[in-house]
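Take a look at the letters that make up each chain.
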Amino acid sequence: MSLKLNALTSDTYTDISQYRDQHFKGNRYDQEKLLKQSHTLYVGNLSFYTTEEQVHELFSKSGDVKRIIIGLDKIKKTACGFCFVEYYTRTDAENAMRFINGTRLDDRIIRTDWDAGFKEGRQYGRGKSGGQVRDEYRQDYDPARGGYGKLAQQHRSTEARNSF
Amino acid sequence: MSRRRHSDENDGGQAHKRRRTSEPIEIEDRLESLICRVGEKSTSSLESNLEGLAGVLEADLPNYKSKILRILCSVARLLPEKLTVYTTLVGLLNARNYNFGGEFVEAMIRQLKETLKNNLYNEAVYLVRFLSDLVNCHVIAAPSMVAMFENFVSVTQEEDVPQVRSDWFVYVVLSCLPWVGKELYEKKDVEMDRLLSQIEGYLKRRVKTHVPMLQVWTAEKPHPQEEYLDCLWAQIQKLKKDRWQERHILRPYIAFDSVLCEALQHNLPPFTPPGHMPDAQYPMPRVVFRMFDYTDAPEGPVMPGSHSVERFVIEENLHCIIKTHWKERKTCAAQLLSYPGKNKIPLNYHIVEVIFGELFQLPSPPQIDVMYTALLIELCKLQPGSLPQVLAQATEMLYMRLDTMNTACIDRLINWFSHHLSNFQFRWSWDDWSDCLTVDLDKPKPKFVKEVLEKSMRLSYHQRIVDIVPSTFSALIPAEPIFIYKYADESASSLPGYPVSITVINAIKNRASNEEILTILKEVPNPNQDDDDDEGEAFNPLKIDVFLHSLLHLAAKSFSHSFSALGKFHEILKTLTESDEGKLHILKVVYEAWRNHPQMTAVLVDKMIRTQIVDCAAVANWLFSQDMAHEFTRLYIWEILHSTIRKMNKHVQKIQKELEEAKDKLEKQQHKRRDSGEDEDMEKNSEDEEGQLEEQIERLQEKVESAQSEQKNLFLVIFQRFIMLLTEHLVRCETGSVDISTPWYKNCIERLQQIFLMHHVTIQQYMGTLENLLFTAELDHHILAVYQQFCALQL
């Protein structure tokens, strides 16, 4: 007799996003399956200065954190503004997606997304300059993420040379 | 995707209504959507939407009757905040189709029986309330509803049943009266009076030992924390005195009165409440949370009084909205803020009060704590001009009343406030709270500020905290969370462990093997014993100290570094902590080094339990030890203890699950063998497999028993320690003729309560042992009272 109404069981904050890891070893279906079972979250838009301790404090609010891996610049090996948070249970990760995603850490609105699972190598930025791809091309000035984007920095230094 | 038949596409100019060819499943989804969303986001009135929907459903009844019945039964159960919208809809359908009305009532009764059988008592309340409002829609005859209520109230005459059982049946009847009291009194006033008088008698007899354990504040002023049935009774009494005039509930059926009163009514079948079953789980009693009254909302509509039925209905509906939408915070906030009739009430105040009521609910909030933080942030975003001010006012009020607030609730307030501030650049008028600087630091107000600053620091960094508070608050600023390295420089050279620590550090840096390091450690003198122990295997606290302290120093950079270090030298650490004393000492070493960084201490303890370097009982003993007495009232201590208990519980559950799975596997295997026929080889293989499974089950059985024994022991240790500490304090106060109610005592006794409340499910299993061994009649009555209150909850 009891019916689960689709209209009422909406839980969109835990849906998987459009992002798919291009380096994932396997097909789309495999990746999506893993995302739907995952206990691991990607966390983005962090300040370069945000510490593992801060991440741990915030994300512990939705459950016990198993592991945090801070994302690193591939060349400098310093934090480059993202991390992975792995929980012991799926439920705890879901609650992070529902209640921590889109709120602030270190005064910045952070974004969480499902991750298919940490593998060695995935802790490095994939931008040409060593950091994240988004920091290669962005035009704005963000003091917590190294200032201007890498491309914009090059242009600026070229301009500076030219105008002097 | 709908499949169009090609022939339909070339209709030419004919304007007849063509029903799009769709899969039946899509029509069912559409019906669901239409019903669930009726009245939402529409430019037409609710009444015309209902009228339209009734027409659509009536047309669909021939083909989709059973689906429509099921959807309507579900919304009755799952959307109680829209109760009167759906009773109106059912009323309209009944007026158009009497048989459908009858079938719906029958379906609802079936659903009611099922929810009661499955211990879904909260949902059952909504179902009964729905049925009672159907009286207002002329679907159900009033006398038959009164008869059902009479059967419910007769449960109060049952003997030898838990009080929470009869409580529930009384609660259901009372909670329907705001909706249907008027109608029932008009038709059957004599019977209703008798009913209410029976209820009154029951309420007078009820035992209320449990109430103190559930109250957020111990003070009666400014708002008494009333037991929920007492409050509801007062509200119904007032409603009766007002001759059942109730003006808050939205009643769409009034607009359709002329249509509905033409409809034929159905009689509810006689409903006997199901008897009490031993495994029944009735809802726990609760206390009504109030923090605002009409004096608090300065302008605008007046807040309904605490004993007005409007207050009950508003709070019910707001709780229901949160229950429906908690997973989607934006939707939840929007639904709360679009509460019908919001212009006549100070809605922001009601919302804030209901949210804090849930956050502070004892034993635990209905949803995870962090949901309420996220929800309040969304509400602030949607009402930036008004809600933040109400929230600030509420925070101020909660601060003012900290002296009498339950410790567990203060914990939640600390966590909420610091997390909230971290989303708003920690902006707060700290100077307004400078009164907390004038009293002892162990008093609730300065303690609260101190803990808030500590948690705020964890979400930011030390200098940030220094910057955000006035300099007068410096005593409350947390210590800088850095490692305290005792072998730091030459001045430490006199310490007994100093020389070996240098050697150990160099060995680790040069990637020495475990054997090499253990050899180095053999050189550490043992302050505990004589020289005639050649083995050096006995517990040597200095050895543990030198090794672990040095290791932690090398790994102090981050959590990951420290975890990695614990992992790398796991073998050595296990060797050093084989004995109980070893386990206790390792915790001591961690604490000494990291005493300014409680967060690091907590994560290291967690890691050491998970990697079995220490066990749960060792952690409990350490927290209650004399060495930690000065930290005993700090929040992080209790977070470590509760986390430890939770890990123990999860461990037991995990092994129990493995055992169940193995048993299931064996059963399946046995079935397979029976069904597989006479093949000899297959039989032999099956037998072998079964034999293996049976062995595995035996091993798991032992593992479960051992884990449960460890769990029971953990609780015994914790309760014993509490009893010792509290008894000591009480005796000391009595002999010295001093008041027992110090801040320490309040904290300690409430922490004991918190153990019971937070882990009641597990503790239930060990009640016998607890009563026989620990909570006996010889115990001081202050301590015994906590145990008795817990028993009275009949969890």
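Residues numbered from 1 in each chain as written. Chains lettered and ligands numbered in written order. Predicted model: local features only at pLDDT ≥ 70, side-chain atom pairs only at ≥ 80, totals over all residues. Heavy atoms only, no water.

Asks: What am I meant to see in the interface of chain A and chain B here?
Replies: Every contact between the two is made by 34 residues of chain A and, on the other side, 48 residues of chain B. Note on chain A versus chain B: buried area summed over both sides is about 3900 Å², and carbon and sulfur give 50% of it. Residue B:Arg610 is joined to A:Asp64 by a salt bridge in which the shortest nitrogen-to-oxygen separation is 3.3 Å. Applying the counting criterion to the chain A and chain B interface returns 15 residue pairs in polar contact (both at pLDDT 80 or more). Where the side of chain A that touches chain B is concerned, the elements lending two or more residues are helix 2 (52–59), strand 2 (65–72), helix 3 (90–99) and strand 4 (104–105) of chain A. The dominant element in the side of chain A that touches chain B, judged by the number of residues it contributes, is helix 2 of chain A, at six residues. (Contact = heavy atoms within 4.5 Å. Buried area = accessible area lost by both parts, 1.4 Å probe. Salt bridge = Lys/Arg side-chain N within 4 Å of Asp/Glu carboxyl O. Polar contact = N/O pair within 3.5 Å; in protein donor to acceptor, adjacent residues only side chain to side chain. Helix = DSSP H or I, 4+ residues; strand = E, 2+ residues; numbered from the N terminus.)

Asks: I tried to follow the packing of helix 17 (residues 407–422) of chain B against helix 30 (residues 743–758) of chain B on my own but got confused; where do I start?
Replies: If you want to describe how two helices pack, look at the angle between their axes and the distance between the axes. Residue and element names in this part refer to chain B. In the contact formed by helix 17 and helix 30, the axes pass within 8 Å of each other and the chain directions differ by 90°. Taken together, the axis directions place helix 17 and helix 30 in an arrangement best described as roughly perpendicular. In this structure, helix 17 contributes Thr407, Ala408 and Asp411 to the contact, and helix 30 contributes Lys746, Asn747, Glu750, Arg751 and Gln754. Looking at the contact of helix 17 with helix 30 residue by residue, the class counts come to one nonpolar, three polar and four charged. (Axes fitted to C-alpha atoms, helices over the stretch in contact; angles between N-to-C directions. Parallel < 35°, antiparallel > 145°, perpendicular 65-115°, else oblique. Nonpolar A, V, L, I, M, F, W, Y, C, P; charged D, E, K, R; others polar.)

Asks: Sorry if this is basic, but what is going on with the packing of helix 10 (residues 228–241) of chain B against helix 12 (residues 309–325) of chain B here?
Replies: Residue and element names in this part refer to chain B. Running from N to C, helix 10 and helix 12 point in directions that differ by 130°, and their axes come no closer than 8 Å. The angle between helix 10 and helix 12 falls in the class oblique. Touching Leu232, Gln235, Ile236 and Leu239 of helix 10 are Val309, Arg311 and Phe312, all from helix 12. Across the contact of helix 10 with helix 12, the residue classes tally to five nonpolar, one polar and one charged.

Asks: Looking at this model, I keep getting lost on the UniProt feature "domain: RRM" (unreviewed entry) in chain A. Mind explaining?
Replies: UniProt records the feature "domain: RRM" (unreviewed entry) at residues 39–117 of chain A, using the numbering of this structure. End C-alpha atoms of residues 39–117 of chain A are separated by 8 Å, and the span's content is 23% helix alongside 39% strand. (UniProt positions renumbered as here; feature names shortened; annotations may be inferred.)

Asks: So what exactly am I meant to see when it comes to a nonpolar patch on the surface here?
Replies: Residue and element names in this part refer to chain A. Together, Val133, Tyr137 and Leu151 line one region of the surface with nonpolar side chains, adding up to about 270 Å² of accessible area. Here Leu151 is to be found in helix 5 (residues 150–163). Note on Leu151: relative accessible area 31%, which makes it partly exposed. (Patch = residues over 30% accessible without salt bridge, like charges linked within 9 Å, V, L, I, M, F, W, Y side chains within 5 Å. Areas by Shrake-Rupley, 256 points an atom, 1.4 Å probe, with all protein chains shown as cover. Buried < 20%, exposed > 50% of the residue type's maximum accessible area, 1.4 Å probe, protein only.)

Asks: What am I meant to see in the packing of aromatic side chains here?
Replies: Each pair of aromatic rings is reported with the distance of its centres and the angle of its planes. The tally for this structure, following the rule as stated, stands at 50 aromatic pairs over all chains. Geometrically, the ring pair formed by B:Phe417 and B:Trp428 is edge-to-face, given 5.1 Å between the ring centres and 80° between the ring planes. Linking B:Phe417 in helix 17 with B:Trp428 in the loop between helix 17 and helix 18 (444–459), this pair joins segments that are eleven residues apart in sequence. When its relative accessible area of 1% is taken as the criterion, B:Phe417 is described as buried. Ring geometry for B:Phe719 and B:Phe756: centres 4.7 Å apart, planes at 25°, overall stacked. Linking B:Phe719 in helix 29 (residues 680–735) with B:Phe756 in helix 30, this pair joins segments that are 37 residues apart in sequence. Among the aromatic residues, those joined into a cluster by ring pairs are B:Trp217, B:Phe289, B:Phe356, B:Phe360, B:Tyr399, B:Trp416, B:Phe417, B:Trp428, B:Trp430, B:Trp433 and B:Phe448. We note A:Arg90 situated over the ring of A:Trp114; from NZ or CZ to the ring centre the distance is 3.7 Å. One residue, B:Arg401, lies across the ring of B:Trp217, its end atom 3.7 Å from the ring centre. (Phe/Tyr/Trp six-rings, centres within 6.5 Å; stacked < 30°, edge-to-face > 60°. Lys NZ or Arg CZ within 6 Å of the ring centre and 35° of its normal.)

Asks: I would appreciate a short explanation of helix 2 of chain A in the present structure.
Replies: Side chains three or four residues apart in an α-helix point the same way, a direct result of the helix having 3.6 residues per turn. The element helix 2 of chain A is extensively covered by neighbouring structure, given that eight of its eight residues are classed as buried. Within helix 2 of chain A, the full set of buried residues consists of A:Glu52, A:Glu53, A:Gln54, A:Val55, A:His56, A:Glu57, A:Leu58 and A:Phe59.

Asks: What should I look at first to understand the pattern of salt bridges in this one?
Replies: Opposite charge on two side chains lets them pair, provided their charged atoms get close. Summed over the entire model, instances satisfying the criterion amount to 57 salt bridges over all chains. Across the salt bridge formed by B:Lys208 and B:Asp230, the nearest N and O atoms sit 2.6 Å from each other. Pair noted here: B:Lys208 is in the loop between helix 8 (163–205) and helix 9 (211–214) and B:Asp230 is in helix 10, with a separation of 22 residues, a long-range link. Among the charged side chains, a network of salt bridges with common partners joins A:Glu57, B:Glu454, B:Arg458, B:Glu631 and B:Arg634.

Asks: Looking at this structure, how should I read the confidence of the model for chain B?
Replies: Do not read the fine detail of predicted coordinates wherever pLDDT is low. Residues and elements named next belong to chain B. The predicted model of chain B averages 92 in pLDDT, with 96% of residues at 70 or higher. Per-residue pLDDT stays below 50 along residues 1–18; that stretch engages in 14 contacts with residues further than four places along the chain or on separate chains. With pTM at 0.94, the complex prediction returns an ipTM value of 0.95. (pLDDT = per-residue confidence, 0-100.)

Asks: I would appreciate a short explanation of the state of the cysteines in the present structure.
Replies: Residues and elements named next belong to chain B. Tallied over the full model, the rule gives zero disulfides over all chains. Cys380 carries a free sulfur, and the closest cysteine sulfur to it, the one in Cys332, is 14 Å from it. Free cysteine: Cys748, not disulfide-bonded; nearest cysteine sulfur from Cys733 at 12 Å. Judged by its relative accessible area of 0%, Cys748 falls in the buried class. (Disulfide = S-S within 2.5 Å.)

Asks: Where do I start with the pairing of strand 6 (residues 111–115) of chain A in this structure?
Replies: Put simply, side chains in a regular strand alternate between the two faces of the sheet. Residue and element names in this part refer to chain A. Among the five residues that make up strand 6, four are buried, leaving the element largely enclosed by the rest of the structure. Strand direction decides the pairing type here: strand 1 (residues 40–44) and strand 6, joined by five bridges, are antiparallel. Opposite Leu41, over in strand 6, you have Trp114 as the bridge partner. (Pairing = 2+ DSSP bridges.)

Asks: For this particular structure, what's the right way to read the sheet that holds strand 1 of chain A?
Replies: Hydrogen bonds between backbone groups are what pair the strands of a sheet, and the pairing can be parallel or antiparallel. Residues and elements named next belong to chain A. The strand order across the open sheet built from four strands is 2-3-1-6, with neighbouring strands paired in antiparallel fashion. Every other strand in the sheet has two partners, leaving strand 2 and strand 6 as the edge strands with one partner each. Along the sheet, successive strands turn relative to each other by an average axial angle of 25°, direction set aside. As paired strands, strand 2 and strand 3 (residues 79–87) are joined by six bridges and run antiparallel to one another. Each bridged residue has a counterpart across the sheet, and for Arg67 the counterpart in strand 3 is Glu86. Sitting on the sheet, helix 2 is in contact with strand 1, strand 2, strand 3 and strand 6, with an inclination near 140° to strand 2.

Asks: So what exactly am I meant to see when it comes to the domain arrangement of chain B here?
Replies: In many analyses, interface size is given as the accessible surface area lost on bringing the parts together. Residue and element names in this part refer to chain B. Along its sequence, chain B is carved into domain 1 (26–261), domain 2 (309–476) and domain 3 (644–673 + 687–792). A C-alpha centroid distance of 33 Å is found between domain 2 and domain 3. Across the boundary between the two partners, domain 2 contributes twelve residues, which contact nine residues of domain 3. The contact between domain 2 and domain 3 buries some 790 Å² in all, and 51% of this surface belongs to carbon and sulfur atoms. For the pair domain 2 and domain 3, the number of links is one salt bridge. Arg751 is the salt-bridge partner of Asp411, the closest N and O atoms lying 2.7 Å from each other. Here domain 2 and domain 3 share four residue pairs in polar contact (both at pLDDT 80 or more) between them. Tallying contributions element by element places helix 17 first for the side of domain 2 that touches domain 3, with three residues. (Domains from an automatic or database assignment.)

Asks: How should the nonpolar core be read in this particular structure?
Replies: One broad rule of soluble globular proteins: the nonpolar side chains tend to lie buried together. Ranked by internal contacts, the top residues of the largest apolar core, which has 296 residues, are A:Phe59, B:Phe356, B:Trp430, B:Phe448, B:Phe547 and B:Phe775. Looking at this core, the element that brings in the most residues is helix 8 of chain B, giving 20 residues. Ignoring any residue separated from it by four or fewer positions in sequence, one finds B:Phe356 in contact with B:Phe289, B:Met291, B:Leu391, B:Ala394, B:Leu398 and B:Trp416. Within the second largest apolar cluster, six residues are counted, among which are A:Tyr42, A:Ile69, A:Phe82 and A:Phe84. (Core = buried A, V, L, I, M, F, W, Y, C linked by side-chain atoms within 4.5 Å.)

Asks: Sorry, what's going on with the environment of B:Ala392 here?
Replies: All names here are of chain B. Mapped onto the elements, Ala392 comes out in helix 16 (residues 387–400). Accessibility expressed as a relative area gives 29% for Ala392, which makes it partly exposed. Residues Ala392 and Glu150, spaced 242 residues apart in sequence, show a C-alpha to C-alpha distance of 47 Å.

Asks: How should empty space enclosed by the protein be read in this particular structure?
Replies: Any empty space left between atoms is shown by rolling a water-sized probe over those atoms. For the structure shown, the criterion picks out five cavities of 30 Å³ or more. As for the largest cavity, its lining consists of 13 residues, of which A:Tyr19, A:Gln31, A:Leu35, A:Trp114 and A:Asp115 are closest to the centre. Looking at the lining of the largest cavity, the elements with two or more residues in it are helix 1 (28–37) and strand 6 of chain A. Here the second largest cavity is characterised by a volume of approximately 60 Å³. Considering the residues around the second largest cavity, the lining is formed by B:Leu362, B:Pro363, B:Asn406, B:Ala408, B:Arg412, B:Glu750, B:Gln753, B:Gln754, B:Leu757 and B:Met758. Elements supplying a minimum of two residues to the lining of the second largest cavity: helix 17 and helix 30 of chain B. Residues of the lining of the second largest cavity, tallied by class, amount to five nonpolar, three polar and two charged. Split by domain, the lining of the second largest cavity shows at least three residues from each of two domains, domain 2 (309–476) and domain 3 (644–673 + 687–792) of chain B. (1 Å grid on protein atoms, 1.4 Å probe; cavity = no way out; pocket = protein on both sides within 12 Å on 5 of 7 lines; lining within 4 Å. Points joined across faces, edges and corners; volume = space filled by probe spheres on them.)

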